[in-house]
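Structural overview for review
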Amino acid sequence: MATSEQITQLRDLGAATVYEAQGAKGALDHGMKPIDPTMRLAGPAFTVDCRPADNLMLHYAVQKAKPGDVLVVDAKGFMEAGPWGDVLTIQAQKVGIAGLVINGCVRDANLIIELGFPVFCRGLSIKGTGKNQPGKINVPITIGDVLIHSGDIIVGDRDGLVVVPKDEVESAVASSLAREDKEAGQRRAIEEGAMTADLLNLTETLKRYGLV
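None of the values given here were measured: they were computed from a predicted structure. (Residues numbered from 1 in each chain as written. Predicted model: local features only at pLDDT ≥ 70, side-chain atom pairs only at ≥ 80, totals over all residues. Heavy atoms only, no water.)

Observations concerning a nonpolar patch on the surface
Taken together, the side chains of Tyr-209, Leu-211 and Val-212 define a hydrophobic patch exposed on the protein surface, amounting to about 400 Å² of accessible area. Relative to the assigned elements, Val-212 resides in the segment after helix 8 (203-208). (Patch = residues over 30% accessible without salt bridge, like charges linked within 9 Å, V, L, I, M, F, W, Y side chains within 5 Å. Areas by Shrake-Rupley, 256 points an atom, 1.4 Å probe, with all protein chains shown as cover. Salt bridge = Lys/Arg side-chain N within 4 Å of Asp/Glu carboxyl O. Helix = DSSP H or I, 4+ residues; strand = E, 2+ residues; numbered from the N terminus.)

Written out as structure tokens, the structure is:
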């Protein structure tokens, strides 16, 4: 299980760094965007599989999730309903849920942003939902081409979202910190006059294409 320190480290390192550091894997597709790009998110996934245009399972999930969890919901990418809004946001914050990632839409975006609750989704829809269809919690779900298990760590910011498998958290943190140190060195070298082509050993490739 990831420690709170590791989760904070991953959040602060950022989605892009973590994605690259763990071997360019685990990134959700670019259609999953934060409704407020200033928000950062990290925490263990609490997975929810629900039917399109029905949010019964979201009301159930906020009863079962633990403080610090990130609700990761497969709403099948349905774009013509907003199964999450301000009321569920207030409930989730009362529970201590860290944020929401939903393969679908939300509504009441301005109120959610004012409440300071991190939400990543495919879009916004004012249309309502039913509350009739059962679903599942804590089961593997897929968003795009990424398989997500409950307990995997979700890291999100304005760049996007990445999933860290729960048994690879320690190595992901270590690799991300090493990458951050390397890039800090590159930034210092650029300030001192180095060129990115030299730092990344691209000169021979440029010569091969007659660009040098």
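Overview of the pattern of salt bridges
For the coordinates displayed, the defined rule picks out eight salt bridges. Linking Glu-204 and Lys-207 is a salt bridge whose minimum nitrogen-to-oxygen distance equals 3.7 Å. Taken together, the positions of Glu-204 and Lys-207, both in helix 8 and three residues apart, correspond to about one turn of that helix. Several salt bridges share partner residues, and in doing so they unite Asp-49, Asp-74 and Lys-76 into one network.

Observations regarding the packing of helix 3 (residues 56-64) against helix 4 (residues 86-95)
Axis separation between helix 3 and helix 4 bottoms out at 9 Å; the angle between their running directions is 15°. By the angle between their directions, the pair helix 3 and helix 4 is classed as roughly parallel. For the pair helix 3 and helix 4, the sense of crossing is left-handed. For the pair helix 3 and helix 4, contact is made by Leu-58, His-59 and Val-62 and by Leu-88, Gln-91, Ala-92 and Val-95, respectively. Across the contact of helix 3 with helix 4, the residue classes tally to five nonpolar, two polar and no charged. (Axes fitted to C-alpha atoms, helices over the stretch in contact; angles between N-to-C directions. Parallel < 35°, antiparallel > 145°, perpendicular 65-115°, else oblique. Left-handed = near helix turned anticlockwise from the far one by under 90°. Contact = heavy atoms within 4.5 Å. Nonpolar A, V, L, I, M, F, W, Y, C, P; charged D, E, K, R; others polar.)

Remarks on the packing of aromatic side chains
Under the definition given, this model contains one aromatic pair. Note on Trp-84 and Phe-117: the rings are 6.0 Å apart at their centroids and 10° apart in plane angle, and the pair reads as stacked. Placement of the pair is Trp-84 in the loop between strand 3 (70-78) and helix 4 and Phe-117 in the loop between helix 5 (109-115) and strand 5 (119-121), with a sequence separation of 33 residues. We classify Trp-84 as buried; its relative accessible area is 0%. The exposure class of Phe-117 is buried, given its relative accessible area of 3%. (Phe/Tyr/Trp six-rings, centres within 6.5 Å; stacked < 30°, edge-to-face > 60°. Buried < 20%, exposed > 50% of the residue type's maximum accessible area, 1.4 Å probe, protein only.)

Here we look at the nonpolar core
Membership of the largest hydrophobic core comes to 24 residues, with the highest contact counts inside it found for Leu-71, Val-73, Trp-84, Leu-100, Val-106, Phe-117 and Val-119. Of all elements in the fold, only strand 2 (41-49), helix 3, strand 3, helix 4, strand 4 (99-106), helix 5 and strand 5 reach the threshold of two or more residues within this core. In terms of residue count, the dominant contributor to this core is helix 3 (four residues). Look past the residues within four positions of Val-106 in its chain and what remains in contact with it is Ile-35, Gly-82, Trp-84, Leu-100, Val-119, Cys-121, Gly-123, Leu-124 and Ser-125. Listed in part, the 15 residues of the second largest apolar core include Met-32, Leu-41, Val-101 and Ile-148. (Core = buried A, V, L, I, M, F, W, Y, C linked by side-chain atoms within 4.5 Å.)

Description of the packing of helix 1 (residues 4-13) against helix 6 (residues 169-191)
Where helix 1 contacts helix 6, the two axes come as close as 10 Å, and the packing angle between them is 40°. Between helix 1 and helix 6, the angle is such that the two are oblique. Of the two possible hands of crossing, helix 1 and helix 6 adopt the one that is left-handed. For the pair helix 1 and helix 6, the contacting residues are Gln-6, Gln-9, Leu-10 and Leu-13 in the first and Val-169, Glu-170, Val-173, Ser-176, Leu-177 and Glu-180 in the second. Split into classes, the residues belonging to the contact of helix 1 with helix 6 amount to five nonpolar, three polar and two charged.

Brief notes about the pairing of strand 3
As paired strands, strand 2 and strand 3 are joined by five bridges and run parallel to one another. Within strand 3, the position partnered with Thr-47 by the bridge is Val-72. Crossover strand 2 to strand 3 through helix 3 is right-handed. Where strand 3 meets strand 4, five bridges bridge the pair, whose relative direction is parallel. Residue pairing in the sheet places Val-73 in a bridge with Ile-102 of strand 4. (Pairing = 2+ DSSP bridges. Right-handed = clockwise from strand over helix to strand, strands pointing away.)

Focus: the side chain of Asn-55
Relative to the elements of secondary structure, Asn-55 occurs in the loop between strand 2 and helix 3. Within the structure, Asn-55 has its side chain in polar contact with the backbone oxygen of Pro-83 (distance 3.0 Å). (Polar contact = N/O pair within 3.5 Å; in protein donor to acceptor, adjacent residues only side chain to side chain.)

Worth remembering: the numbers are spatial, not functional.
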